[in-house]
Amino acid sequence: MWLVIALSLLVLWLLYKYYVSVYDLWEKRGIPYYPSTFPFGCSHQILTHSRFPGYIHDEMYKKLAPNPMFGLFVMRVPMLQIRDPDLIQLILTKEFSHFRERMFIKISEKDVLNQHLFNLDGERWRALRLKLTPTFTSGKMKAMFPLFLNCAEAFDSLILSKIGCDVDVKDLIGRLMTDIICSCAFGLDSNTIKEPDHKLRQIGAQVFKMNFMDKVKIAILQAMPKLANKIEARFTPKETEDYIVKLVENTIEYREKNNIKRNDFLDLLIQLKNKGTVGDDLKDEIEEQKCQPFELTIGLMAAQCFVFLVAGFETSSSVQSFCLYELAINQDIQTRVKKEIDEKIEKHGGLTYQAVYEMEYLDMVISETMRKYPTLWFLLRYCTKSISTPYNYEIEAGDTIVIPVWSLHHDPEYYPNPEKFDPERFSAQNRGSINPYTYLPFGEGPRMCIGMRFGKLQTKVGLITILRKYRVEPCAATKIPLVLAPSPMITVPKDPILLKLVPQS
């Protein structure tokens, strides 16, 4: 009996020693570091999801100032947080070839819908990125703009029904975003006004909501990434995968059979599948880059539509709900936005693509919203080839890099009085004084968000649709100030943002 107990204790002690054996890594490499404790690493709150991780990393960011970079551990996974903008530029742009990959784990190829541009690495990422780039030019956005307007016009009747009520603005605006994305990515009339529980809207809303098993999977990834690669953890339900793949497959088959063109994202993917490029403008460049050839399968096409749905839905609906909240408590800014909207619509005889393009103050307001509430509070990069930094620290192959977007956006050194909502930071006069690589709502460098133009356009159309006819005001249920949820990936409020809609006089 005592022998069994002694052996059990010995095994537990050996496991403990193995687990904590990595915690002296940063000290050995001469890199400043945040202390770690068994079994959580730098903070138990990251693993338990009990607090917004942007706040947790911001505390480390401040405590390790003014070091340009420092080490930390999330459970047993070593990470380097990069504080210095010049180092961030080196990683994201100047020495991009050393940091081309995002993930320290590999997404299983069996998880079809996660084989999208955000997750892919290596040559498959490079080839697909180059091929997809021309699908998001300003010309392509202009061609899609009528689809935006069709959805916005239908949305008016839904807004009218909410007058005088306490409105969950993210739920409201999410319905318009679903209609726009379904129209532009899937060629579908989702009509969430009549069908608020449309399947695609449910999928878009649920992707970033983590259940218990998702949290367990993430804990495994953080504690034992090598094991995670072997077990090929799936994060997309098989039911969702089957639905999206079949939807895309049926839509493509119908369009090709009936020669239907809609100037939407799926049209461009079909052209890419059949011809290899979107138009001939990048054909020579693709050949010069000598990209590894690969087949654009139905599964890959479905994955690109899927990320279009989930990223477009969450990013744009979150930005708009945060923006409407700030406009509700800053009525003077809202008045100025409304004035500009009216002037540009009158100048162009309606809501045209050019009218939206010329709304400079609205663009400033959205930019300031994305500074104060960046959808992704961090960027991840994985070092594939060791490199020396100007600060005599070595970043080694295998290091995972964390770029703390939230902390940079709220650093008073770069943005004085960072909690103040001040669109003037992004005026033509002031924009040039922003320190490069301290404003990263869409990332930077070759892996910058490819859908930035689309996201900003649908955000503007959503805000214009509401603000041209209605004023947003706080109500008794409005939480001031906002409290952010402990979501591990994105910035979302803990409670719904409830506001009141009032007709414009």
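Residues numbered from 1 in each chain as written. Predicted model: local features only at pLDDT ≥ 70, side-chain atom pairs only at ≥ 80, totals over all residues. Heavy atoms only, no water.

**Focus on unusual backbone geometry**
Here is step 1 of the chain: The omega torsion of the bond from Phe 38 to Pro 39 falls at -5 degrees, within 30 degrees of zero and hence cis.
Here is step 2 of the chain: You can see Pro 39 is positioned in the loop between α2 (25–28) and α3 (44–48).
Here is step 3 of the chain: Here the amide bond leading from Ile 480 into Pro 481 is cis, since omega sits at 0 degrees, within 30 degrees of zero.
Here is step 4 of the chain: Mapped onto the fold, Pro 481 is located in the loop between β8 (470–474) and β9 (498–503).
Here is step 5 of the chain: Unlike most non-glycine residues, Met 75 shows phi in positive territory, near 60 degrees.
Here is step 6 of the chain: Tracing the chain through its elements places Met 75 in the loop between β1 (69–74) and β2 (77–82).
Here is step 7 of the chain: What makes Met 75 buried here is its relative accessible area of 10%.
Here is step 8 of the chain: Phi at Tyr 437 takes a positive value of approximately 70 degrees, unusual for a residue other than glycine.
Here is step 9 of the chain: A relative accessible area of 12% means that Tyr 437 is categorised as buried. (Helix = DSSP H or I, 4+ residues; strand = E, 2+ residues; numbered from the N terminus. Buried < 20%, exposed > 50% of the residue type's maximum accessible area, 1.4 Å probe, protein only.)

**So, the sheet that holds β9**
Think of a sheet as strands paired side by side through backbone hydrogen bonds, with each pair either parallel or antiparallel.
Here is step 1 of the chain: As summarised here, the arrangement of the three strands in space is β3-β9-β8, forming an open sheet in which the pairing is antiparallel. In this open sheet, the two edge strands, each paired with only one partner strand, are β3 (166–168) and β8. In this sheet, neighbouring strand axes are inclined to one another by 50 degrees on average, regardless of whether the strands run parallel or antiparallel. (Pairing = 2+ DSSP bridges. Axes fitted to C-alpha atoms, helices over the stretch in contact; angles between N-to-C directions.)

**With respect to the nonpolar core**
Here is step 1 of the chain: In this structure, Phe 454 and Ile 466 are the most contacted members of the largest nonpolar core, which totals 141 residues.
Here is step 2 of the chain: With 16 residues, the top contributor of residues to this core is helix α15 (residues 298–329).
Here is step 3 of the chain: Setting aside residues up to four positions removed in sequence, Phe 454 forms contacts with Phe 136, Met 141, Met 144, Phe 148, Ile 180, Ile 181, Cys 184 and Phe 308. (Core = buried A, V, L, I, M, F, W, Y, C linked by side-chain atoms within 4.5 Å. Contact = heavy atoms within 4.5 Å.)

**Brief notes about the packing of aromatic side chains**
For any pair of aromatic rings, the description rests on two quantities: the centre-to-centre distance and the angle between the ring planes.
Here is step 1 of the chain: Across all of its chains, the model carries 18 aromatic pairs by this definition.
Here is step 2 of the chain: For the ring pair Tyr 55 and Trp 406, a centre distance of 5.8 Å and an interplane angle of 80 degrees mean the geometry is edge-to-face. Separated by 351 residues along the polypeptide, Tyr 55 in helix α4 (residues 53–63) and Trp 406 in helix α19 (residues 405–409) bring together distant segments of the chain.
Here is step 3 of the chain: The partly exposed category is assigned to Tyr 55, whose relative accessible area is 28%. (Phe/Tyr/Trp six-rings, centres within 6.5 Å; stacked < 30°, edge-to-face > 60°.)

**Considerations on the pattern of salt bridges**
Here is step 1 of the chain: Counted according to the given criterion, the structure contains 28 salt bridges.
Here is step 2 of the chain: Taking the shortest distance from any N to any O, the salt bridge between Lys 347 and Glu 358 comes out at 2.9 Å. Of this pair, Lys 347 sits in helix α16 (residues 331–348) while Glu 358 sits in the loop between α17 (353–357) and α18 (360–372), and the two are eleven residues apart along the sequence.
Here is step 3 of the chain: Under the relative-accessibility criterion, Lys 347 is labelled exposed at 56%. (Salt bridge = Lys/Arg side-chain N within 4 Å of Asp/Glu carboxyl O.)

**Digging into the UniProt feature "binding site: heme" (unreviewed entry) in the chain**
Here is step 1 of the chain: Under the present numbering, the feature "binding site: heme" (unreviewed entry) in UniProt falls on Cys 449.
Here is step 2 of the chain: Among the residues examined, Cys 449 registers a relative accessible area of 38% and is labelled partly exposed.
Here is step 3 of the chain: Ignoring any residue separated from it by four or fewer positions in sequence, one finds Cys 449 in contact with Arg 129 and Phe 442. (UniProt positions renumbered as here; feature names shortened; annotations may be inferred.)

**With respect to the sheet that holds strand β4 (residues 379–382)**
Here is step 1 of the chain: Read across the open sheet, the four strands follow the order β1-β2-β7-β4; overall the sheet is mixed. Edge strands, defined here as strands with exactly one partner in the open sheet, are β1 and β4. The mean inter-strand angle of the sheet, taken between neighbouring strand axes irrespective of direction, is 30 degrees.
Here is step 2 of the chain: With six bridges connecting them, β1 and β2 associate as antiparallel partners. When the bridges of β2 are listed, Met 69 appears paired with Ile 82.
Here is step 3 of the chain: Seen against the sheet, α4 touches β1, β2 and β7 (400–403) and runs at an angle of roughly 140 degrees to β1.

**Focus on the packing of helix α9 (residues 199–206) against α15**
Here is step 1 of the chain: Closest axis-to-axis distance for the α9/α15 pair is 8 Å, and the angle between their directions is 65 degrees. Here α9 lies roughly perpendicular to α15, going by the angle between them. Viewed along their axes, α9 and α15 form a crossing whose handedness is right-handed. On the side of α9, the interface is formed by Leu 200, Ile 203, Gly 204 and Ala 205, while α15 contributes Phe 306, Leu 309, Val 310 and Phe 313.
Here is step 2 of the chain: Taken together, the residues that form the contact of α9 with α15 break down as seven nonpolar, one polar and no charged. (Parallel < 35°, antiparallel > 145°, perpendicular 65-115°, else oblique. Left-handed = near helix turned anticlockwise from the far one by under 90°. Nonpolar A, V, L, I, M, F, W, Y, C, P; charged D, E, K, R; others polar.)

**Concerning the environment of Ala 302**
Here is step 1 of the chain: In this fold, Ala 302 is placed in helix α15.
Here is step 2 of the chain: Between the C-alpha atom of Ala 302 and that of Val 245, which follows or precedes it by 57 residues, the distance is 5.3 Å.
Here is step 3 of the chain: Residue contacts for Ala 302: discarding those within four places in its chain leaves Leu 113, Ile 244, Val 245 and Val 248.

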